[in-house]
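Here is what each chain is made of, one letter per residue.
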Amino acid sequence: MQLFIVSGLSGAGKSTVMSILEDSGYFCVDNLPPALIPKFAELSQMGNGEHQRAAVVCDIRGGSSFVQGLFEALDTLDHMKTPYEILFVEAEDETIIKRYKETRRSHPLMDEMGTLAGAVEAERKVMEPVRNRADIVLQTDAMSTRKLRDRVLELVYPGRKKDSELNVCVTSFGFKYGLPMEADMVFDVRFLPNPFYVENLRPHTGLDEGVRDYVFQFSQSHEFLEKMEDMVSFLLPQFVEEGKSMVVVAIGCTGGKHRSVAMTHALAQYIEGLGYRVSENHRDMTRA
């Protein structure tokens, strides 16, 4: 089991870190009372293994006895021989105060301390023992969300290949049935000669060899495929750097049965060869 205990200063970015972990496959629980951490770890190790990667957030919202309760929970985890890492998220006082003013949220210690600056200072003192015990300290002042995401994923997946995080769905469709609303890119292949008008090819689809051979016997088919390949080979790394996890490429012809299907299949094979995770879909291929 891999368990991350995320803690740190309010306003430093703990929620963002948890969102990143959740998006990357971790089972996450926010604001878990420290006393429940050992039970959470025990339950996560049960079942068929779907919760073997887990993360919890524990912080000052747990009350004045939070630190003592957390350390008692960590001692229990050690006794259980459950591996864990503490990820402490922090930022400078000025950064935290600015973020609170922008979001207009209330600091957990605001009522007790009376001022935002006083609340931030008091929390930093309370959290110092947790910071000292942390395995990883993340300073988020100068980090954009994208850089924070990259840093967190480097920590939890050392040596990861960024390309493998991007899922690419290549789908064919028929324009007469409407555009796929989820598409990030749309290509139109209605200019290509249409197998629909070849009587023995009409009942078949672009996944059949005869239709594919017909579509790709024309030079413009190969040229257009090469242009699509050039486009996606440029764009996909940019999407990876931007932090996207899913990209939908749609290729359309009139009915979505012949030309778009053949092109979609060819492009999906090319993208898979680039090292991305690819799914191939043919939305309208079986329509009458």
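Data block above holds the structure.
Our subject in this report is the structure included herewith. Per-chain numbering applies: the sequence of each chain, read as written, is numbered from 1 onward. Since the coordinates come from a predicted model, pLDDT governs what is reported: local features require at least 70, and pairs of side-chain atoms require 80 or more to be given and counted, while whole-chain, interface and lining totals use all residues. Side-chain calculation: all heavy atoms of the structure are included, whereas hydrogens and water are not.

### As for the layout of surface pockets
Stage number 1. In this model, the largest pocket occupies a volume close to 540 Å³.
Stage number 2. Forming the boundary of the largest pocket are 22 residues, of which Gly11, Ala12, Gly13, Ser15 and Arg105 lie nearest the centre.
Stage number 3. Helix and strand definitions follow DSSP, with helices as H or I runs of at least four residues and strands as E runs of at least two, each counted in order from the N terminus. Looking at the lining of the largest pocket, the elements with two or more residues in it are helix 1 (14-23), helix 4 (93-103) and helix 7 (145-156).
Stage number 4. Classification convention: Asp, Glu, Lys, Arg as charged; Ala, Val, Leu, Ile, Met, Phe, Trp, Tyr, Cys, Pro as nonpolar; all other residues, Gly among them, as polar. Here the lining of the largest pocket is composed, by residue class, of six nonpolar, 10 polar and six charged. Here a cavity denotes a set of grid points, spaced 1 Å apart and computed over the protein atoms alone, in which a 1.4 Å probe fits but from which it cannot get out, and a pocket denotes an open set meeting protein on both sides within 12 Å along at least five of seven lines; residues with an atom within 4 Å of a point are reported as lining. Grid points are joined across faces, edges and corners, and a volume is the space filled by probe spheres set on the points.

### Some remarks on the state of the cysteines
Stage number 1. Only a pair of cysteine sulfur atoms within 2.5 Å qualifies as a disulfide here. On inspection of all chains with the given rule, the structure shows zero disulfides.
Stage number 2. Cys58 forms no disulfide, and the closest cysteine sulfur to it belongs to Cys28, at a distance of 12 Å.
Stage number 3. Looking at Cys58, the relative accessible area reads 1%, which means it is buried.
Stage number 4. Cys169 carries a free sulfur, and the closest cysteine sulfur to it, the one in Cys253, is 16 Å from it. Exposed residues in this analysis have more than 50% of their type's maximum accessible area, buried residues have under 20%, and partly exposed residues fall in between, with area computed by a 1.4 Å probe over protein chains only.

### Regarding the packing of aromatic side chains
Stage number 1. Under the pairing criterion, centres of Phe, Tyr and Trp rings, with the six-membered ring standing for Trp, must be within 6.5 Å; the plane angle then separates stacked pairs below 30 degrees from edge-to-face pairs above 60, leaving the rest tilted. Here the structure, examined in full by the defined rule, presents seven aromatic pairs.
Stage number 2. Centre to centre, the rings of Phe191 and Phe224 are 5.1 Å apart; their planes meet at 75°, and the pair counts as edge-to-face. You can see Phe191 sitting in the loop between strand 7 (185-188) and helix 8 (209-215) and its partner Phe224 sitting in helix 9 (residues 219-242), a full 33 residues away along the chain.
Stage number 3. Residue Phe191 is classed as partly exposed on the basis of its relative accessible area of 46%.
Stage number 4. By relative accessible area, which is 18% here, Phe224 ends up buried.
Stage number 5. Ring pairs connect the aromatic residues Phe187, Phe191 and Phe224, which therefore count as one cluster.
Stage number 6. Lysine and arginine charges are scored as sitting over a ring when NZ or CZ, respectively, is within 6 Å of the ring centre and within 35 degrees of the ring normal. Between Arg202 and the ring centre of Phe196, over which it is positioned, the NZ or CZ distance is 4.6 Å.

### Focus on unusual backbone geometry
Stage number 1. Residues other than glycine seldom take positive phi values, yet Asn31 does so here, at roughly 55°.
Stage number 2. In this structure, Asn31 sits in the loop between strand 2 (27-29) and helix 2 (37-44).
Stage number 3. Positive phi, normally seen in glycine, also occurs at Arg104, with a value near 60°.
Stage number 4. Structurally, Arg104 can be placed in the loop between helix 4 and helix 5 (110-113).
Stage number 5. The exposure class assigned to Arg104 is exposed, which follows from its relative accessible area of 78%.

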